[in-house]
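Here are the chains, one letter per residue:
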Amino acid sequence: MSRILIFAEQRDGQIHPATSQLIAAAKTLDPSAERHLVVIGDDLDQTKATLAAHDVTRVLTIESPDLKRYHPRGYAQALTTAIEQVEPKLTLLPATFMGRDLAPRVAVRAKAALATDCTALRYEGEALIVERPAYMGKVIATVALATDRSSIVSIRPNTFAPDQPTGANAAIEPLDVTLELGSLQNTACESTSSGEKDLADADIVVSGGRSLKSEENFKILYELAHVLDAAVGASRAACDAGYQPHSQQVGLTGKTVTPRLYMAFGIDGAIQHLAGMRGSKCIVAINTKKEAPIFGVAQYGCVADLFVMAPLLTEEFKQVLAR
Amino acid sequence: MSPLFMSLLLIATLGYFAWSVRRRWKLLRIGQPEPRFDQLGHRFGLVLRFAFGQARMPRYRWSGIAHILVFSGFLVLLLRSLILWGRGYDADFNFWLFGPDQPLGAVYALLKDTFVLLVLLGVAILLYFRLIKRERRLTLNAEALLILGIIAVMMIADVTYDAARMTRSGEFHRIEFAGYTLSSMMTAWPSSLLAGVEHAGFWTHSALVLIFLNILPYSKHFHIITAMPNVFFADLTPHGRLNPIAEIEDKVEREETLGVAVIDDLSWKSLLDLYTCTECGRCSDVCPATHTGKRLSPKHLTIDLRDHLYTRQQEAMGLTNGQRLEPVPLVSEDLIHPETLWACTSCRACEEECPVLISYVDKIVDLRRHVTMEQSEFPEQLQQAFQGIERTGNPWSYPPEDRLAWAEGLNIPEMSSEPEVEYLFWVGCAPSFDERAKRVTRATAQLLQQAGITFAVLGIEEMCTGDAARRAGNEFLFQMMAQQNIETLSEYNVRKIITTCPHCYNTLKHEYPDFGGNFEVIHHTELLRDLVRQGILKPQHRAEITMTYHDSCYLGRYNDNYDAPREILSAIPGIKLVEPAQTRDRGMCCGAGGAQMFKEDEPGDERVNLSRTDQLLTVLNNQPQTTSTAIASACPFCMRMLTDGLASKEREEVQQLDVAEVLWKAVNGNDKT
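Residues numbered from 1 in each chain as written. Chains lettered and ligands numbered in written order. Predicted model: local features only at pLDDT ≥ 70, side-chain atom pairs only at ≥ 80, totals over all residues. Heavy atoms only, no water.

Visitor: Any details on the pattern of salt bridges? Residues and values, ideally.
Guide: Enumeration according to the criterion identifies 71 salt bridges over all chains in this entry. The closest approach of N and O atoms between Lys27(A) and Asp163(A), which form a salt bridge, is 2.7 Å. With Lys27(A) in helix H1 (residues 18-29) and Asp163(A) in the loop between strand S11 (151-155) and strand S12 (171-174), the pair connects residues that are 136 residues apart, well separated along the chain. For Lys27(A), a relative accessible area of 23% gives the class partly exposed. Judged by relative accessible area, Asp163(A) falls into the buried class, the value being 9%. Connected through shared salt-bridge partners, Arg80(B), Lys112(B), Asp113(B), Asp158(B), Asp162(B), Arg165(B) and Glu176(B) make up one network. (Salt bridge = Lys/Arg side-chain N within 4 Å of Asp/Glu carboxyl O. Helix = DSSP H or I, 4+ residues; strand = E, 2+ residues; numbered from the N terminus. Buried < 20%, exposed > 50% of the residue type's maximum accessible area, 1.4 Å probe, protein only.)

Encoded structure:
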């Protein structure tokens, strides 16, 4: 029976949501294959128990204080050892920052065929066929992986619906790895997030422009953002005026965001700003200027005073979402 | 006087000078080859105009006049120095023609004494700007004072010598009026004192000239020798053209340096530029980056490169043919700081100002080429623009199929269906995608339609010209875009191109010919001006508005088009056109050129666009507040910068309009485009 090895990404014991998506992907691809999870880190008691509740054959754990935080070499050695142990036909990783770094390193070590950032995979006979978007999604490359070796595929997060834990109790097996970390050391990890939702990860972004008139006034956007579990962004003008730190700037020279919902309050939509958010699935613009360019890209526009609209929306969402 | 002493003096000083110059010559030879021996007539013309004619000097009036006085004095007194050296051997030496009793001698004596006084006046003015008024562009240093001191002492010594000589010999020549006047003080002096003074004056002048000569190769006053060749060998190609990297792909395969990484990657002419800088600081005085407190000051960039060059002198002496210096990267925190490199807006204000035609933009782009293409050390914000240009043909990554969105409802033909038109309308990226600039595109296209001009656009086949990529040092990407665009244009056999974007205009006109694309390129302000002149477009609706016009660098300084936009605005009844203090060739950049449009300003006191907006608002604020006000421009990048500037200054009641929009309204009576 063929085996699929799934890399379960975790940070500080928190399992990345992509992990359950990978399990679902494995099930869809070949329901009959054994699914082996491997989790790498330190002090993972809670984590491995959570993973074992999924419909998988076993959970391999590689634990070491040296692996507490992501270490490119250490993780690559650990995952390679797991591959040698399991001898899977296919290894799945998430195309997260960690997965994107790890997959090629492991592919070289394990002499495996590699396809990264895939959005679909299927077997055609013996050959594993994957699809990879290229040129910002303008074209899809269909790639067949070599059949004479094992394959490694990283899958773009949110491509598959998550697998739900069945409450199963899969075997948990520790795996010993000899680490040679060399001179590369991970000495510190500083989080720059202020406890607010990170722009890059947010499904919803609430963004404000110069018309907010002060840092103080941005509060009304933060209130709305909290109700929606959204991140707060700002135009360059607002950042220049000091209303928000430049880390919150959305635009060509700031962050590029593609949330499901982008709400622009008092942002005119200069081309530099549009370049950073035009890819959002749904854009809602609130601006007093009817001719503001932002309305050109918005699905929903409202010519209104943001100081009236933002609190109204906050109240309404509170009711609807019961938060 | 004393042939032996004069001989020793001449041999020692001229010998040392020859030694110094030989070293500098050798150092110059480490530079890369660059052909600069074409168009000799044109080159001699430059020398006449900029060296002998001192054409750019009076742009700073008083220091310019002072320099002209000192420079002319030098030319006049050159002969005098030769005569004095001759008198070292024969006390009555006068070059056979210039004796005080000979007509030529009399004329020369009058001329010489006049210039002695004028040079002293010039020195006084130059000292005033250094010691009393303390111009910010100048860095006060001992060398400048020493040189000015030497010049002054030489003049005084010369006249003192004449006076003592006349008094002692009893042969007074009124025509040597300075010496003659001074001699009246000496009549009572004993002859031994007079002899001493005569000797002192004589030897002071004769020796100081020679000492001065020996200081030159080690100082900024080297320009006295290098300025003329530097002007002679100036770049004669259009201002807006950057030198292409030839065979760029082969170079990569051969692992040759792209751009300038180390000092001997610069051409010999660039090194001559460094020799020639006189640190007058005019370049930095007009530099938008310096003005807004950025790390870049063109003067200091040149000085830093020169200082570095001079530290390599000894090493250069040991090189044999084909050998290179030990590589020391130029771009580093200790030498040319990356912030210096990336603060340049490529506006050419410095080059327009430099009295000795030193170039800056080409050097900065060459340095950027190296860090961008070989080290990938460019401001990360530019990555977005590069990627957009490469993948979607525009820096904002708009889908190419949206290129014609601006034309909705206007019935604009595409080349693919109507190739038999007079003009190709090259729309450009910003005018295709920027909502604000789209209105300018619509106004222009409709004005052309109204004037019966036949034109078509490339639509989806048009791609970024690559201007910003090129100026950010990404020559790869630029050449890729150039080749693709030229291929497209050639397919349709395009001859005449009209465009509203000065950046596209400059690249199409001056840079595409290097890649085989030769077109007649016309800016929309030029064509519209002609149509207004010919009466085809009639601006008949009054506009009660006070307006100032902001010069685009790529239109003005790059292409000498200052008048077409102004002529259009002036033809519109009711418009009062006022000029800001910094205008035309002194107009400050909006801050978007040289790829700055796609990155943030480097750290400094202020954004360039805010500073420029202030300058433009200053002239409008000084107008009676009875009419509405507007800033006119003729470039989509300037428009973006100034619109942002007005918003930041909360002065949005001041309109920001393209010349074409103003004309559209005057012709049609409404601003519905």
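And the narrative resumes.
Visitor: A description of the interface of chain B and chain A should follow, citing residues and the corresponding values.
Guide: How big an interface is tends to be reported as the loss of accessible area on association of its parts. Across the contact, 25 residues belong to chain B and 20 residues belong to chain A. Interface area for chain B against chain A, summed over the two sides, is near 2,100 Å², with a carbon-plus-sulfur share of 52%. Here chain B is connected to chain A by four salt bridges. Among the salt bridges present, the one from Lys289(A) reaches Glu652(B), with a minimum N-O distance of 3.2 Å. At the junction of chain B with chain A, the criterion picks out 13 residue pairs in polar contact (both at pLDDT 80 or more). (Contact = heavy atoms within 4.5 Å. Buried area = accessible area lost by both parts, 1.4 Å probe. Polar contact = N/O pair within 3.5 Å; in protein donor to acceptor, adjacent residues only side chain to side chain.)

Visitor: Outline the nonpolar core, listing residues and values.
Guide: Tyr262(A), Ile294(A), Ile30(B), Ile263(B), Leu309(B), Trp396(B) and Phe598(B) are the most contacted members of the largest nonpolar core, which totals 121 residues. When residues of this core are assigned to their parent elements, the largest contribution, nine residues, is made by helix H5 (residues 142-169) of chain B. Those residues in contact with Ile30(B) that sit more than four places away from it in its chain are Ile263(B), Asp264(B), Leu271(B), Leu309(B), Ala316(B), Leu319(B) and Leu325(B). (Core = buried A, V, L, I, M, F, W, Y, C linked by side-chain atoms within 4.5 Å.)

Visitor: An account of the pairing of strand S6 (residues 575-578) of chain B is requested, with residue identities and associated values reported.
Guide: Residue and element names in this part refer to chain B. Direction of pairing for strand S5 (residues 545-549) relative to S6: parallel, over a ladder of four bridges. When the bridges of S6 are listed, Thr 546 appears paired with Lys 576. Tracing the backbone out of S5, into helix H25 (residues 563-570) and back to the parallel element S6 gives a crossover that is right-handed. (Pairing = 2+ DSSP bridges. Right-handed = clockwise from strand over helix to strand, strands pointing away.)

Visitor: Explain unusual backbone geometry to me, using residue names and the numbers behind them.
Guide: All names here are of chain B. Even without a glycine there, the phi angle at Phe 95 is positive, about 55°. Checked against the element boundaries, Phe 95 lands in the loop between helix H3 (61-87) and helix H4 (103-132). The exposure class assigned to Phe 95 is partly exposed, which follows from its relative accessible area of 25%. Backbone geometry places Asp 560, a non-glycine residue, at a positive phi of 55°.

Coordinates in, geometry out; function isn't part of it.
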